[in-house]
Every structure is written in structure tokens, then in C-alpha cells.
Amino acid sequence: MTARIELTDAAPHQTLTLEFPADGVALRGRVRVPGDKSISHRSLMLGAIAKGETRIQGLLLGEDPRSTAACFQAMGVTMSSLEDEWVTVQGVGLGNLREPADVLNAGNSGTTLRLMLGLLASHPARYFAVTGDGSLRSRPMDRVIKPLSLMGAEIWGRQNNRLAPLAVQGQSLKPIHYHSPVASAQIKSCILLAGLLTEGETTVTEPSLSRDHSERMLRAFGADIVVDPDTCSVTVRGPATLTGQTVVVPGDISSAAFWLVAGAITPGSDLVIENVGINPTRTGILDALAAMEADITLENSREVTGEPVADLRVRHSRLKAVRLSGDLIPRMIDEVPILAVAALFAEGTTVITDAEELRVKECDRIAVMASQLNQLGARVEEHPDGLTIHGGTGLTGAIVDSYTDHRVAMSLAIAALRAKGSMQIQRAEAAAVSYPSFTATLAELCGLSVG
Ligand code: S3P
């Protein structure tokens, strides 16, 4: 059988057809992944509210950061073209976001909406209306509205202030110490951003450490940030003064994860993924794959504008099943779908627990990954807080669906590398949220072109 990668337009959606020879395809060479999504959002937001110019290199040109940029432009922030090698943001200074003339639209992006809410709620005498796409409008916003309300914020939303569209009447807020029930960087960052304009000490404590990009970048921009790693607490002292900085965005480990798994499961593969962010709060996927005995090595480790970066080399190896739970899960929360694909090719049964957060991502990733992988002949069981994945069942191509979730779309495409027959992924355009060139890069690594 000849290999084939084909994108067909079924407006407004796309279907991706993937077909590979029965003995698989070896992925070889070097690849660069797009900029880190979390760091891209934060660089645009902090740049927008700082004094002076922020320069950003390596910004992710995905749909999510574009939503962030559009929201802040609507509030009076001037930015150069996002396509520029160095994107410049002319910060308006803390507290100076303008009341937008229309509804702010965060698109598919939970990070945009939740982080931005902390800023909007703390801008006195301005009114904001915010919404998002169908997926975002079904995701819980009470997790940030609750702590913001404790600070004195006035926010209204559907279903008893749980869902967007939301209305925000900006206020002068009071500081709190919030104990978050979940390890979530979006909750933590929302409160810290609200704390910037709030006089006094605003503290967030989490049950375990979530990604710390906000803390690192806020400190670099001049905020008074104190981190207590023993209690997983962060404190910001307001009012802060932020000054524009230079940010070099590393490659996104969440995007690199697709190639790590692709290389690990396809015989003959030897791949280097260059310039990947390896912030320890994000490297759970490396720990999980190491526990599965994947052959991954770090090369050329360095630090770039406050974030650790390395090149990752992956070679095919026999994988073993693993049990994943606890503090590891927040460190690989976005990589569970692709890890589930790796587990299909491991010897034994992989069990993932403590991952109930996956149910409130861009889609219910527990239900959708189980149903879509089972559609391909896998044996995956769904639990309230995770998945059981039986390795070694073999996959056969079928029609599957991304459920408009970028990480589901890309995980299924990687599974196709080891599936018999042809696979069709419906609504495959979702990948553009975080990785617009994903299909082209997949084709390139397989020595194909996209038909
Ligand atoms: C993100 C935090 C995570 C992650 C999301 C990006 C961020 O969400 O899933 O893709 O940039 O802060 P939670 O904070 O809700 O876990």
C-alpha cells in the first residue's frame, strides 16, 4: 500500500485522510515546533499592560494567541503584525486598558478568557462583555469567577454565573489568599493578574504545582512575586509596575509531544525536535515516556529569557505500560491524549487516574479519546478521572472525529502512523488552534506531500 496524506475541504470543516504502509513509516530528521502557547498568551498580555514596548520572537501563530491579540487590540493596545519575526506590543500601562466598544471574543481559548478576566475585573469604571466559541461557552468559568468575586469583582454569566458570555463591571478589588481546589495555571494566573492592580498581597495556593510561566514572566516584567514551592503558593504585591521586556518564546513541549510519541512508536524512527521548552512544570510527558522506557535524550540544554530549553532526540523503542497519577498529571495535563496513543503500543495495561480535569478541556478528552481510539479497534476504558488502556491490540483505520479539539485531532493523526488501512479524521482543522503547520510537518517527516 502506498502512503497518503490528504486534506479535503468539507466547509466549514476539513477531513484529514491518512494511510500508511502496514510496516509503518520511520520518522527521521530534525523538526521545530511552533512557539509555546502558554508563553505566547502571557507575552502578549503582559506586553499589553506593561509600560513601554515588549518585543516577542517565536510567538505561536495559532488561532488561540490570535484571539488574545485581537482582544487586547480592541482595548486600545497597538501591536505590529503577528507575522513579524519580532512582534512588538506597545503597552498601555497597568490599569489603562480601554473599555472595548464591542464584545471581546476569546474564540476557543480558555487561557485567553480566564487570564483576561482577572485584568478586566480589576479595571475600575469599565464595562466588558466577553464570549467564545461553542466549546469555550460550555467550559466552567465559575472556577475563576468565584475567587474574583471574593476579591469584590462583579461578573455575571449564564447558568448562575458559570458560563460565558460574561459581563464584567470592573472594580477596585481587595486582596485575598485563595486556596484553589485544582492545580490550574489558568486559575492561578487569573488571580495573580487581578492582584497586579490590587493594593496589598494577593496569594494563591494550589494542591500541587501547575505551570509557572506567569510567575516567571511577571517577575521578569518587574512585578513583586514571591513563590513558596513547599506550599505551592504564589504571592503578588500590588499595585505593581510592569515594564516592557524582550521575550523569546521556546517551542511548545505540548506540540513536541506528538513527535516524541510518533518517534517512539514507529520502528526505525530517529528524530530531533529542536528548541523545546522544558520548564519542569511542563515535563511530565518526558517523565511518563521515560517510565515507559522510551528512548528520549535531551541535548543542548540552555536557558532563554527565563525559560529552560533543549533539543529532544527520540528513537523508536519497545514501550512498557505505566501507571500515571497524582502530581504528575498537572505537569502533563495537555499531553494525556497523545500519551494514551503511546500506551496503545506498550506492553501491558496503562492506567491513568487523577485526570478528571480532562473532562473540562476543549472537549471531554477522557470520553472522546476512549470512544475515538475504540473506534480504531483499541481497548480503552473510561473512568470518571482517567483511562485504562490495553496495549498491543493493533489499530485499524476508521472514521474518527476531533470533536473540534486540536489535541484530539493531532493525537488521532499520530495513531494513524501505526493503523492498518486508511483513517479519516473529521473536523481536522482544529489542529490550527495550537499547531497550524501540523499536517504539513507530518507529511514532510514521512517524506510525503499533502494531497
Ligand atoms: C494553560 C493551563 C492549562 C492547560 C492549557 C493552558 C495555561 O489549563 O490545559 O492548555 O496557559 O495556563 P488549566 O490551568 O485549566 O489546567
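Source: prediction; values computed, not measured.

Let us look at the site of the ligand. Lys37, Ser38, Arg42, Thr111, Ser184, Ala185, Gln186, Arg211, Ile333, Asp334 and Lys361 make up every residue found near the ligand. In this structure, Thr111 approaches the ligand through a side-chain N or O atom, which is 3.5 Å from an oxygen atom. Within the backbone of Ala185, a nitrogen or oxygen atom sits 2.9 Å from an oxygen atom of the ligand. Protein burial of the ligand: of its 380 Å² of free accessible surface, 96% is covered by the chains. Counting atoms within 2 Å of the grid points, the majority share of the ligand lands in the largest pocket. In terms of residue count, the dominant contributor to the shell around the ligand is helix H1 (residues 37–49) (3 residues). Class assignment for the residues of the shell around the ligand results in 2 nonpolar, 4 polar and 5 charged.

Another point: the UniProt feature "binding site: phosphoenolpyruvate" (unreviewed entry) in the chain. Under the present numbering, the feature "binding site: phosphoenolpyruvate" (unreviewed entry) in UniProt falls on Lys37, Gly110, Arg139, Gln186, Arg365 and Arg407. The annotated residues contributing to the lining of the largest pocket are Lys37, Gly110, Arg139, Gln186, Arg365 and Arg407. Topologically, Lys37 is positioned in helix H1. Sequence-distant contacts of Lys37, that is, excluding residues within four places in its chain, are made with Leu60, Asp64, Thr111, Asp252, His406, Arg407, Val433 and Ser434. Mapped onto the secondary structure, Gly110 falls in helix H3 (residues 110–121). Excluding anything up to four places from it in sequence, Gly110 contacts Leu115, Leu136, Arg139 and Gln186.

Its domain assignment divides the chain into domain 1 (4–35 + 250–446) and domain 2 (37–248). Facing the 28 residues of domain 1 at the interface are 28 residues of domain 2. Where domain 1 abuts domain 2, roughly 2300 Å² becomes buried across the two surfaces, and 48% of that area is made up of carbon and sulfur atoms. Our enumeration of links across domain 1 and domain 2 arrives at 3 salt bridges.

Here the focus is the sheet that holds strand E28 (residues 422–426). Strand order in this open sheet of 4 strands is E1-E2-E28-E26, and the pairing throughout is mixed. The strands lining the two open edges of the sheet, one partner per strand, are strand E1 (4–10) and strand E26 (399–401). Pairwise comparison of adjacent strand axes, ignoring direction, gives a mean angle of 20° for this sheet.

Proteins that are soluble and globular tend to have nonpolar side chains buried together. Counting 84 residues, the largest nonpolar core has Trp259, Leu373, Ile414, Phe438 and Leu442 as its most contacted members. With residues up to four places along the chain from it excluded, the contact list for Trp259 reads Val31, Val33, Leu271, Ile273, Val314, Ile414, Tyr435, Phe438, Thr441, Leu442 and Leu445. Membership of the second largest hydrophobic core comes to 64 residues, among which are Val89, Met141, Leu192 and Leu242.

Next up on the list: the sheet that holds strand E20 (residues 323–324). Ordered by their spatial adjacency, 4 strands build an open sheet running E20-E22-E24-E23, and the pairing between neighbours is mixed. Pairing within the sheet leaves two strands with one partner each, and these edge strands are E20 and strand E23 (379–383). Inspection of the sheet shows E23 paired to strand E24 (residues 386–390) by 5 bridges, in the antiparallel sense. Within the sheet, the bridge partner assigned to Glu382 lies in E24 and is Leu387. Each of E20, strand E22 (349–352), E23 and E24 is contacted by helix H10 (residues 336–344), which is oriented at about 20° to E24, the strand it contacts most. Helix H11 (residues 365–375) contacts E23 and E24 of the sheet and is inclined by roughly 160° relative to E23.

Close contact between H3 and helix H4 (residues 142–150) brings their axes to 10 Å; oriented N to C, the two are set at 25°. In terms of their interaxial angle, H3 and H4 are classed as roughly parallel. Considering how the two elements wind past one another, H3 and H4 form a crossing that is right-handed. Across the interface between the two elements, Arg114, Leu117, Gly118 and Ala121 from H3 touch Arg143, Val144, Ile145 and Leu148 from H4. Tallied by class, residues from the contact of H3 with H4 come to 5 nonpolar, 1 polar and 2 charged.

We now examine the layout of surface pockets. Of the pockets and cavities examined, the largest pocket occupies roughly 550 Å³. What lines the largest pocket is a set of 35 residues, among which Ala183, Ser184, Ile333, Glu357 and Lys361 lie closest to the centre. Among the secondary structure elements, those contributing two or more residues to the lining of the largest pocket are H1, H3, helix H6 (185–196) and helix H12 (406–416). Taken together, the residues of the lining of the largest pocket break down into 9 nonpolar, 10 polar and 16 charged. Domain assignment of the residues forming the lining of the largest pocket places at least three in each of domain 1 (4–35 + 250–446) and domain 2 (37–248).

Further remarks concern unusual backbone geometry. A cis amide bond links Ala11 with the next residue in sequence, Pro12, at an omega value of 5°. Along the polypeptide, Pro12 turns up in the loop between E1 and strand E2 (13–19). The phi angle at Asn160 is positive, at roughly 60°, despite the residue not being glycine. By the secondary structure assignment, Asn160 is in helix H5 (residues 158–161). Although it is not a glycine, Thr404 adopts a positive phi angle of roughly 60°. Position of Thr404 relative to the elements: it lies in the loop between E26 and H12.

Basis of the calculations
Residues numbered from 1 in each chain as written. Predicted model: local features only at pLDDT ≥ 70, side-chain atom pairs only at ≥ 80, totals over all residues. Heavy atoms only, no water. Near = heavy atom within 4 Å. Polar contact = N/O pair within 3.5 Å; in protein donor to acceptor, adjacent residues only side chain to side chain. Areas by Shrake-Rupley, 256 points an atom, 1.4 Å probe, with all protein chains shown as cover. 1 Å grid on protein atoms, 1.4 Å probe; cavity = no way out; pocket = protein on both sides within 12 Å on 5 of 7 lines; lining within 4 Å. Sits in = over half its atoms within 2 Å of the grid points. Helix = DSSP H or I, 4+ residues; strand = E, 2+ residues; numbered from the N terminus. Nonpolar A, V, L, I, M, F, W, Y, C, P; charged D, E, K, R; others polar. UniProt positions renumbered as here; feature names shortened; annotations may be inferred. Contact = heavy atoms within 4.5 Å. Domains from an automatic or database assignment. Buried area = accessible area lost by both parts, 1.4 Å probe. Salt bridge = Lys/Arg side-chain N within 4 Å of Asp/Glu carboxyl O. Pairing = 2+ DSSP bridges. Axes fitted to C-alpha atoms, helices over the stretch in contact; angles between N-to-C directions. Core = buried A, V, L, I, M, F, W, Y, C linked by side-chain atoms within 4.5 Å. Buried < 20%, exposed > 50% of the residue type's maximum accessible area, 1.4 Å probe, protein only. Parallel < 35°, antiparallel > 145°, perpendicular 65-115°, else oblique. Left-handed = near helix turned anticlockwise from the far one by under 90°. Points joined across faces, edges and corners; volume = space filled by probe spheres on them.

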